Amino acid sequence: MTFTTRFAPSPTGPLHLGHAYSALLAQDMAQATSGQLLLRIEDTDVTRCRLKWEQQIYDDLDWLGLRWQHPVRRQSEHLDHYDQSLITLAEQGVIYPCSCSRSDIRAALSAPQEGASLPVGIYPGTCRHRSLNSRQTGDALRLNMARALQQLKPIRFTERGPQHAGEHQLAPSRMIAEIGDAVLARKENGTVSYAMAAVVDDADQQITHVIRGEDLYQITFLQVVLQALLNLPTPTYHHHILIRDETGKRLAKRDDARAISRFRDEGVTPQGIRNLIGLGKSG
Ligand SMILES: [Zn+2]
């Protein structure tokens, strides 16, 4: 299979040096193997995504020297695929509706639990008994992790990035304790979670190698469970280092000073950007 990777920004603000690193690394790796780089616009969050930022993404990437296939995949044009995947999971009995607010979850976590206490951020399972037909407008959908794992053979994935390189086998007890019943469809606007949408997109785009930031390493474990449940192939993963500012903080979209467009306006060249982020000469 042809090496196929993707760069998948959300149009919620200007691209910064961290995005440049991810996109250029993906392009370099694709070129080194005569593979291809696809672009994907992750625009399911209608409250935060803007067309002007999408246009800015195309301008910035073009200026950096990236080339990609057309048409570009935009998540907002594939919402039916995500719904179909939720239906597939519903048929397997591994999702349930959840009406808990953040403060409900906090309260449940601080209350005395039977057995070991759950780490912060792990859903305590308050709504796990609910059936899907009790779903009301505004309910999220969660994965019943324990039940999902019972239905699956042992699963593993390959990581090629610098921090966690190797074969990773998923341990069910750790999946339940450290990831738990993840949200797959958000309550706010009924759209699917990042983890779910990316899994469906990667399969639709026949991605063989996912190249993305180290901050998304943990979510890979959830994603390979979803791939197994949906009978989709698991790509090879490569989580790269994050570009940080002088104080060691990772860059954020609101961090305008690191915006690619800002450097461009100041006369920095695309090669200058490569030098700034330690990528050297392009292939
Ligand atoms: Zn709940």
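Because the structure is predicted, anything quoted here is derived from the model rather than measured.

Draft legend 1. A look at the coordination of the zinc ion. Surrounding the zinc ion are the protein donor atoms Cys98 (SG), Cys100 (SG), Tyr123 (OH) and Cys127 (SG), which sit 2.0 to 2.3 Å from the metal. Positions of the donor residues of the zinc ion along the chain correspond to the pattern C-x1-C-x22-Y-x3-C. Placement of the pair is Cys100 in the loop between strand S4 (95-98) and helix H4 (102-110) and Tyr123 in the loop between H4 and strand S5 (140-143), with a sequence separation of 23 residues.

Draft legend 2. Structural context of the layout of surface pockets. Here the second largest pocket defines a volume of roughly 180 Å³. In terms of lining residues, the second largest pocket is bounded by His168, Gln169, Leu170, Ala171, Arg174, Met175, Glu178, Ile179, Gln218 and Phe221. For the lining of the second largest pocket, the secondary structure elements donating two or more residues are strand S7 (166-169), helix H6 (172-178) and helix H8 (217-229). With three residues, H6 is the single largest residue contributor to the lining of the second largest pocket.

Draft legend 3. Up close: helix H1 (residues 17-32). With 16 residues, H1 ought to run about 22 Å at 1.5 Å a step, and its terminal C-alpha atoms sit 22 Å apart, in line with that. Burial within H1 is extensive, with 13 of its 16 residues counted as buried. One or two positions beyond H1, positive phi appears at Ser34, with a value near 55 degrees.

Draft legend 4. Structural detail: the environment of Glu42. Examined against the element boundaries, Glu42 turns out to sit in the loop between strand S2 (36-41) and helix H2 (51-64). We classify Glu42 as buried; its relative accessible area is 8%. Between the C-alpha atom of Glu42 and that of Ala198, which follows or precedes it by 156 residues, the distance is 8.6 Å. Residues within four places of Glu42 in sequence aside, it is in contact with Ala8, Pro9, Ser10, Pro11, Cys49, Gln75, Tyr194, Ala198 and Asp201. One polar contact links Glu42 to Gln75, side chain to side chain, over a distance of 3.5 Å.

Draft legend 5. Seen up close, unusual backbone geometry. The residue after His70, namely Pro71, is reached through a cis peptide bond having omega -5 degrees. Here the phi dihedral of Ser34 falls at roughly 55 degrees; this positive angle occurs in a residue that is not glycine. Phi is positive for Gln206, which is not a glycine, with a value near 55 degrees. Considering the arrangement of structural elements, one finds Gln206 in the loop between helix H7 (194-204) and strand S9 (209-213).

Draft legend 6. Examining the nonpolar core more closely. Ranked by internal contacts, the top residues of the largest apolar core, which has 36 residues, are Leu89, Leu143, Val225 and Leu226. Going through the elements one at a time, helix H3 (79-91), S5, helix H5 (145-150), strand S8 (183-185), H7 and H8 are the ones with two or more residues in this core. Here this core takes seven residues from H8, the largest share from any one element. In contact with Leu89, not counting residues within four places along its chain, are Val94, Ile95, Leu184, Met196, Leu226, Leu229 and Leu230.

Draft legend 7. Spatial organisation of the sheet that holds S4. Spatial strand order, S4-S5-S8: three strands in an open sheet with antiparallel pairing. The open sheet has two edge strands, S4 and S8, and neither has a second partner. Each strand axis lies, on average, 45 degrees off the axis of its neighbour in the sheet, ignoring direction.

Draft legend 8. A look at the packing of H7 against H8. At their nearest, the axes of H7 and H8 sit 9 Å apart, and the two run at 55 degrees to each other. Considering the angle they form, H7 stands oblique to H8. You can see that H7 and H8 cross each other, and the crossing is right-handed. In contact with Tyr194, Ala195, Met196, Ala198 and Val199 of H7, H8 contributes Ile219, Leu222, Gln223, Leu226 and Gln227. Taken together, the residues of the contact of H7 with H8 break down into eight nonpolar, two polar and no charged.

Draft legend 9. Quick peek at the packing of aromatic side chains. Counted according to the given criterion, the structure contains five aromatic pairs. With centroids separated by 6.5 Å and ring planes inclined at 55 degrees, the aromatic side chains of Phe157 and Tyr217 adopt a geometry described as tilted. One end of the pair, Phe157, is in strand S6 (residues 156-159); the other, Tyr217, is in helix H8, and 60 residues separate them in sequence. Tyr217 carries the same exposure label as Phe157, and that label is buried. Three or more aromatic residues joined by ring pairs make a cluster, and in this case those are Phe157, Tyr217, Phe221 and Tyr237.

Rules of the game
- Residues numbered from 1 in each chain as written.
- Predicted model: local features only at pLDDT ≥ 70, side-chain atom pairs only at ≥ 80, totals over all residues.
- Heavy atoms only, no water.
- Donors = N, O, S within 2.8 Å, 3.2 Å for Na, K, Ca; no water.
- Helix = DSSP H or I, 4+ residues; strand = E, 2+ residues; numbered from the N terminus.
- 1 Å grid on protein atoms, 1.4 Å probe; cavity = no way out; pocket = protein on both sides within 12 Å on 5 of 7 lines; lining within 4 Å.
- Points joined across faces, edges and corners; volume = space filled by probe spheres on them.
- Expected span 1.5 Å × (residues − 1).
- Buried < 20%, exposed > 50% of the residue type's maximum accessible area, 1.4 Å probe, protein only.
- Contact = heavy atoms within 4.5 Å.
- Polar contact = N/O pair within 3.5 Å; in protein donor to acceptor, adjacent residues only side chain to side chain.
- Core = buried A, V, L, I, M, F, W, Y, C linked by side-chain atoms within 4.5 Å.
- Pairing = 2+ DSSP bridges.
- Axes fitted to C-alpha atoms, helices over the stretch in contact; angles between N-to-C directions.
- Parallel < 35°, antiparallel > 145°, perpendicular 65-115°, else oblique.
- Left-handed = near helix turned anticlockwise from the far one by under 90°.
- Nonpolar A, V, L, I, M, F, W, Y, C, P; charged D, E, K, R; others polar.
- Phe/Tyr/Trp six-rings, centres within 6.5 Å; stacked < 30°, edge-to-face > 60°.

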